[in-house]
Amino acid sequence: QKEVEQDPGPLSVPEGAIVSLNCTYSNSAFQYFMWYRQYSRKGPELLMYTYSSGNKEDGRFTAQVDKSSKYISLFIRDSQPSDSATYLCAMVGGSNYKLTFGKGTLLTVNP
Amino acid sequence: EAGVTQFPSHSVIEKGQTVTLRCDPISGHDNLYWYRRVMGKEIKFLLHFVKESKQDESGMPNNRFLAERTGGTYSTLKVQPAELEDSGVYFCASSQDFIYTFGSGTRLTVV
C-alpha cells in the first residue's frame, strides 16, 4: 500500500466552479500536510500547509485534514483559468522534513 | 530574494554517458534536498543535506548516483553511467524548516 494516494485525474471544470481535491494516507507518523501547485515546466510551489485536524482557509483556498480518517482535502472556490495546474498533496513526518508526495491531480479550469 | 536555481533545465544524453546536475539553493538555507519524478510516478525523495553533510540518502537508487554539496552551498548530482530508467525530472529544494522552495527542475532524458 502506498503511503499517500491521490487520484491523478485529469479534472476539468468550468470557471467559477468549486473544486475538491483529495488524498488519503496510511502513515500515522505524518505531522504536516501540504498542498503544492505545479505549473508546467516549473517546480512545486507551496500553497498551504496545516498540522492539525480541521480547516484552514486562505483566500479562495481551504485545506481540510481529518487525521482520524487519514484524509486531506483542498477546496478551491470560484476557480479561475489561472488555477489550471497540477495539485500535489505532500506530507511530512520525522525530523528531517522529508516530503512524501501523492501523484498529483491535473486540474483544468475552462473559461 | 533569489529562488532555487537548477541547471541545466534540460539534458539529453546517451545511455552510458555521465551527467552532472547542479543546484544553487537559497542563500542561508541549511537544508538541501534532491527529489525525482519519473514518468507516471510520484515525486520521490532522493537525499537530504544539512549544510555540507549528507543527512539521509536513503532514496538514492544505486551507486551510479553521487551527490555532493560543496562548503554547504551549491550541490551537484552526478549520474554515471546513465541508464534509460534514470530519465525523469530532478528537483532540488532548499529550506530552513519544513517550508521548501523548489527549483524548476532538470529534465533528464537518457536515450
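Scoring rules and cut-offs
- Positions within a chain are numbered from 1, following the residues in the order the chain's sequence is written.
- Each chain is given a letter, starting from A, and each ligand a number, starting from 1, according to the order in which they appear as written.
- With pLDDT at 70 or above as the cut-off, local features in this predicted model cover only qualifying residues; side-chain atom pairs require 80 or more to be listed or tallied, and sums for whole chains, interfaces and linings still use all residues.
- Derived side-chain values reflect all non-hydrogen atoms in the structure, with water molecules and hydrogen atoms excluded from consideration.
- Under the DSSP-based scheme used, a helix requires at least four consecutive residues in state H or I and a strand at least two consecutive residues in state E, with every element numbered from the N terminus.
- Contacts between residues were defined by any pair of non-hydrogen atoms, one from each residue, lying within 4.5 Å.
- Exposure was quantified through the Shrake-Rupley algorithm and a 1.4 Å probe, taking into account, for residues, occlusion by the shown protein chains and nothing else.
- Charge convention: Lys and Arg are scored as positive, Asp and Glu as negative, and His as well as the terminal groups of each chain are ignored.
- A charged residue contributes its charge at one atom only: NZ of Lys, CZ of Arg, CG of Asp or CD of Glu.
- For the radius of gyration, the atom set is restricted to C-alpha positions; the globular benchmark scales as 2.2 Å times the number of residues to the power 0.38.
- Three labels apply to residues, based on accessible area from a 1.4 Å probe with only protein chains included: buried if under 20% of the type maximum, exposed if over 50%, partly exposed otherwise in between.
- Every case where a carboxyl oxygen of Asp or Glu lies within 4 Å of a side-chain nitrogen of Lys or Arg is listed as a salt bridge.
- Whenever a nitrogen or oxygen atom comes within 3.5 Å of another N or O atom, the pair is scored as a polar contact, on the condition that within protein one atom can donate a hydrogen and the other can accept it, and that pairs from neighbouring residues in sequence are kept only if both atoms are in side chains.
- Note on residue classes: Ala, Val, Leu, Ile, Met, Phe, Trp, Tyr, Cys and Pro are nonpolar, Asp, Glu, Lys and Arg are charged, and everything else, Gly too, is polar.
- The aromatic pairing rule takes the rings of Phe, Tyr and Trp, using the six-membered ring of Trp, and pairs them if the centres are within 6.5 Å, calling planes under 30 degrees apart stacked, those over 60 edge-to-face and the rest tilted.
- Placement of a positive charge over a ring is assigned whenever Lys NZ or Arg CZ falls within 6 Å of the ring centre and within 35 degrees of the normal to the ring plane.

> Residues and numbers for the overall build of chain A, please.
A count of helices and strands for chain A gives zero helices and 11 strands. Starting at the N terminus and walking to the C terminus, you meet the elements of chain A as β-β-β-β-β-β-β-β-β-β-β. Across its three principal axes, chain A shows a C-alpha extent of roughly 40 × 30 × 20 Å. A separation threshold of at least 6 residues defines the contact pool for chain A, and within that pool the share at least 24 residues apart is 54%. When the accessible surface of chain A is summed, it comes to about 5300 Å², and 47% of that surface belongs to carbon and sulfur atoms. A gap of 7 Å separates the mean positions of the 11 positive and 10 negative side-chain charges of chain A.

> Could you give me a rundown of the overall build of chain B, with the residues and numbers involved?
The secondary structure content of chain B amounts to zero helices and 11 strands. When its helices and strands are written in sequence order, chain B yields β-β-β-β-β-β-β-β-β-β-β. Here chain B has a C-alpha radius of gyration of 13 Å; the compact-globule value for 111 residues is 13 Å, and the two agree. By its C-alpha atoms, chain B is 35 × 25 × 25 Å across when sized along the principal axes. Burial statistics for chain B: of 111 residues in total, 47% are counted as buried. Of the contacts made within chain B by residues no fewer than 6 positions apart, 51% connect residues no fewer than 24 positions apart. In chain B, 12 side chains carry a positive charge and 13 a negative one; their mean positions are 4 Å apart.

> Requested: an account of the interface of chain A and chain B, with residues and values cited.
Each side of the interface is counted separately: chain A has 19 residues, and chain B has 20 residues. There are two salt bridges connecting chain A and chain B. A salt bridge links Asp56 of chain B to Lys98 of chain A; its shortest N-O distance comes to 3.7 Å. The interface formed by chain A and chain B includes five residue pairs in polar contact (both at pLDDT 80 or more). For the side of chain A that touches chain B, the secondary structure elements donating two or more residues are strand E4 (32-38), strand E5 (45-50) and strand E10 (99-101) of chain A. The element contributing the most residues to the side of chain A that touches chain B is E4 of chain A, with four residues. Partitioned by chemical class, the residues of the side of chain A that touches chain B number 10 nonpolar, four polar and five charged.

> Could you give an account of the packing of aromatic side chains, naming the residues involved and the relevant values?
Within the structure shown, the criterion is met by 18 aromatic pairs over all chains. Centroid distance Tyr32 of chain A to Tyr51 of chain A: 6.1 Å. Interplanar angle 75 degrees. Geometry classified as edge-to-face. Separated by 19 residues along the polypeptide, Tyr32 of chain A in strand E4 and Tyr51 of chain A in the loop between E5 and strand E6 (54-58) bring together distant segments of the chain. On the basis of an interplanar angle of 65 degrees and a centroid distance of 6.1 Å, the ring pair of Phe101 of chain A and Phe102 of chain B is categorised as edge-to-face. In this pair, Phe101 of chain A is assigned in strand E10 and Phe102 of chain B in strand E10 (residues 101-102), connecting two distinct chains. Residue Phe101 of chain A is classed as buried on the basis of its relative accessible area, which comes to 3%. Judged by its relative accessible area of 8%, Phe102 of chain B falls in the buried class. Every member of this aromatic cluster is reached through a ring pair, and the members are Tyr36 and Phe101 of chain A together with Tyr33, Tyr35, Phe45, Phe91, Tyr100 and Phe102 of chain B. A cation over an aromatic ring shows up here: Arg22 of chain B above the ring of Tyr74 of chain B, its NZ or CZ 3.8 Å from the ring centre.

> Residue-level account of the side chain of Ser95 of chain B, with values.
Residue and element names in this part refer to chain B. Checked against the element boundaries, Ser95 lands in strand E9 (residues 88-95). With relative accessibility at 0%, the residue Ser95 sits in the buried group. At 2.7 Å, the side chain of Ser95 forms a polar contact with the backbone oxygen of Asp97. Ignoring anything within four residues of it in the chain, the contact list for Ser95 reads His29, Asp30, Asn31, Tyr33 and Tyr100.

Coordinates in, geometry out; function isn't part of it.
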